[in-house]
Amino acid sequence: MRLVFDIRDDALANGIAANTAAARAAFELRAFPDGETYLRIDSDVRDADAVIVADLARPNPKVLPMLLLADTLRAQGAAAVTLIAPYLPYMRQDRAFNVGESVSSRHFAALLSAHVDRLITVDAHLHRYASLAEIYTVAAQNLSAAHLLGDWVREHVPDPLLIGPDSESGQWVQAAAERAGCPWIVFGKTRTDDRSVRISGSVEPSLRDRVPVLLDDVVSTGTTLAECCALLRAAHMSAPQVLAVHGIFAGESFAALERAGIERIVTTNSVPHPSNGIDLAPLLAAAITEPWR
Ligand code: R5P
């Protein structure tokens with residue numbers, strides 16, 4: 001029996017449950033007045049395949065309740081605990097860039113690996129790691145939503161040019177462009193600090209009449225996309241559309257991007273946000289039913 005535990009604020013878990021004929025679990029997870037977590041599981045989880053569907057963007061307040069849920073499921077006899085976290089946090093600090101820095105991606109991976117049996121995520125930020133297996137010791141599956149972004153472009157944008165802000169985005173941009181049947185390019189990016197980047201590159205004249213679609217895995221402060229937007233404006237291209245897998249939109253960045261002249265911003269429902277326009281439920285549901293051990 002598969003039981004889905006929804007600890008998000010949107011319809012993604014419902015979609016996954018519906019696509020896999022799984023039951024929604026009954027439980028109460030809330031904060032006591034002192035901020036500590038209260039948890040009660042009302043479903044019988046003995047021998048169940050328990051699936052936690054979580055949004056782990058802005059992770060710190062969300063991770064401890066999620067780990068308590070995972071441990072409680074194990075204590076009450078669940079056969080396996082799978083965590084579906086479409087956005088996998090703490091992947092960007094993947095090396096000590098300065099002496100003394102924590103490689104927090106490794107420590108976060110060790111923490112999750114101690115509490116769940118299986119992890120399913122989408123387009124994890126694998127930059128200096130070849131795969132999640134380098135840091136996760138449990139079965140960890142990294143799905144890609146690039147084809148879904150490509151399908152969205154094909155259906156919604158005439159004469160598109162897909163543009164990635166940096167060389168790492170090439171993997172998603174190429175896959176999406178092949179699906180959409182359109183040309184693609186990538187710019188170059190140098191990050192100078194948490195909130196500033198320099199974007200370099202150019203668009204060859206024969207591509208400048210196309211509709212620019214900026215495509216990235218994560219939008220965090222929005223600085224990367226705002227700088228790309230400025231470069232496109234300087235090349236006299238039309239206002240870009242933006243497609244991203246994970247829309248974090250730190251602080252006021254969503255409004256700032258709209259002011260920066262972006263025509264439309266569409267994200268997957270990896271992270272609940274008004275820009276969500278691409279549903280990950282079928283992709284995640286297909287993965288959950290695959291054999292994994
Ligand atoms: C970085 O390598 C990622 O692919 C994104 O480009 C980056 O995380 C975006 O961050 P921000 O929105 O803060 O510029």
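Residues numbered from 1 in each chain as written. Predicted model: local features only at pLDDT ≥ 70, side-chain atom pairs only at ≥ 80, totals over all residues. Heavy atoms only, no water.

Trainee: Any details on the sheet that holds strand E10 (residues 184-186)? Residues and values, ideally.
Mentor: Spatially, E10-E9-E13-E14-E15-E16 is the arrangement adopted by the 6 strands of the open sheet, whose pairing is parallel. What marks the edges here is a single partner per strand, and that holds for E10 and strand E16 (276-278). Across the sheet, the mean angle from the axis of one strand to that of its neighbour is 35°, orientation sign disregarded. Bridge analysis of strand E15 (residues 264-268) against E16 gives 2 bridges, and the strand direction is parallel. Bridged to threonine 267 within E16 is asparagine 276. Against the sheet, helix H5 (residues 170-180) contacts strand E9 (160-164), E10 and strand E13 (211-219), and its axis sits at roughly 175° relative to E10. Helix-sheet contacts for helix H6 (residues 223-234) involve E9, E13 and strand E14 (241-247), and the interaxial angle to E13 is about 165°. (Pairing = 2+ DSSP bridges. Helix = DSSP H or I, 4+ residues; strand = E, 2+ residues; numbered from the N terminus. Axes fitted to C-alpha atoms, helices over the stretch in contact; angles between N-to-C directions. Contact = heavy atoms within 4.5 Å.)

Trainee: Talk me through the site of the ligand; I want residue IDs and the actual numbers.
Mentor: In the vicinity of the ligand, 14 residues are found, and the nearest of them are Arg92, Asp216, Asp217, Thr221 and Thr224. Contacts to the ligand include aspartate 216, whose side-chain N or O atom sits 2.5 Å from an oxygen atom. In the environment of the ligand, an oxygen atom lies 2.8 Å from a nitrogen or oxygen atom belonging to the backbone of serine 220. The biggest single contributor to the shell around the ligand is E13, with 4 residues. Across the shell around the ligand, the residue classes break down as 2 nonpolar, 6 polar and 6 charged. (Near = heavy atom within 4 Å. Polar contact = N/O pair within 3.5 Å; in protein donor to acceptor, adjacent residues only side chain to side chain. Nonpolar A, V, L, I, M, F, W, Y, C, P; charged D, E, K, R; others polar.)

Trainee: An account of the pairing of strand E1 (residues 2-7) is needed here, citing residue identities and associated values.
Mentor: Bridge count between E1 and strand E5 (residues 49-54): 6 bridges; the pairing is parallel. Looking at E5, one finds that isoleucine 7 is bridged to alanine 54. Where E1 lies against strand E2 (residues 23-24), 2 bridges are found, and the strand directions are parallel. Of the residues in E2, the one forming a bridge with valine 4 is arginine 24. As a crossover connection, the stretch from E1 through helix H1 (residues 12-20) into E2 is right-handed. (Right-handed = clockwise from strand over helix to strand, strands pointing away.)

Trainee: Can you tell me about the packing of aromatic side chains, naming the residues and giving the values?
Mentor: Applying the stated criterion across every chain, the model contains 4 aromatic pairs. On the basis of an interplanar angle of 55° and a centroid distance of 5.2 Å, the ring pair of phenylalanine 5 and phenylalanine 27 is categorised as tilted. Of this pair, phenylalanine 5 sits in strand E1 while phenylalanine 27 sits in strand E3 (residues 27-31), and the two are 22 residues apart along the sequence. You can call phenylalanine 5 buried: its relative accessible area is 0%. On the basis of an interplanar angle of 80° and a centroid distance of 5.5 Å, the ring pair of phenylalanine 32 and tyrosine 38 is categorised as edge-to-face. We note arginine 30 situated over the ring of tyrosine 38; from NZ or CZ to the ring centre the distance is 4.5 Å. (Phe/Tyr/Trp six-rings, centres within 6.5 Å; stacked < 30°, edge-to-face > 60°. Buried < 20%, exposed > 50% of the residue type's maximum accessible area, 1.4 Å probe, protein only. Lys NZ or Arg CZ within 6 Å of the ring centre and 35° of its normal.)

Trainee: Describe helix H3 (residues 104-113), with residues and values.
Mentor: Among all positions in H3, only Ser104, Ser105, Phe108, Ala109, Leu112 and Ser113 are buried. Each buried residue of H3 lies within a common arc of 165° when the element is viewed along its axis, so the set occupies one face. Elements in contact with the buried residues of H3: helix H2 (60-75) and strand E6 (80-84). (Arc of directions from axis to C-beta.)

Trainee: How would you sum up the sheet that holds E6? Please name residues and give values.
Mentor: Strand order in the open sheet formed by 6 strands is E2-E1-E5-E6-E7-E8, with parallel pairing between adjacent strands. In this open sheet, the two edge strands, each paired with only one partner strand, are E2 and strand E8 (139-143). Relative to E8, strand E7 (residues 118-122) is paired through 5 bridges, and the arrangement is parallel. Residue pairing across strands places threonine 121 opposite asparagine 142, the latter belonging to E8. Running at roughly 170° to E1, H1 makes contact with E1, E2, E5 and E6 of the sheet. Sheet strands in contact with H2 are E1, E5 and E6, and its direction is about 175° off that of E5.

Trainee: So, the pattern of salt bridges: which residues are in play, and what are the values?
Mentor: Per the stated rule, a full pass over the model turns up 13 salt bridges. The salt bridge partner of aspartate 55 is lysine 62, with a shortest N-O separation of 3.0 Å. Salt-bridge contacts for aspartate 94 lead to arginine 128; the nearest nitrogen and oxygen are separated by 2.8 Å. Placement of aspartate 94 in the loop between E6 and H3 and of arginine 128 in the loop between E7 and E8 is noted, with a sequence separation of 34 residues between them. One continuous salt-bridge network, built from bridges that share partners, spans Glu28, Arg30, Arg40 and Asp42. (Salt bridge = Lys/Arg side-chain N within 4 Å of Asp/Glu carboxyl O.)

Trainee: So, the side chain of glutamine 241: which residues are in play, and what are the values?
Mentor: Here glutamine 241 lies in strand E14. For glutamine 241, a relative accessible area of 9% puts it in the buried group. Only 2.9 Å separates the side chain of glutamine 241 from the side chain of arginine 264, close enough to count as a polar contact. If we skip the residues at most four places from it in the chain, glutamine 241 touches Trp152, Val157, Val211, Pro212, Val213, Leu214, Glu263 and Arg264.

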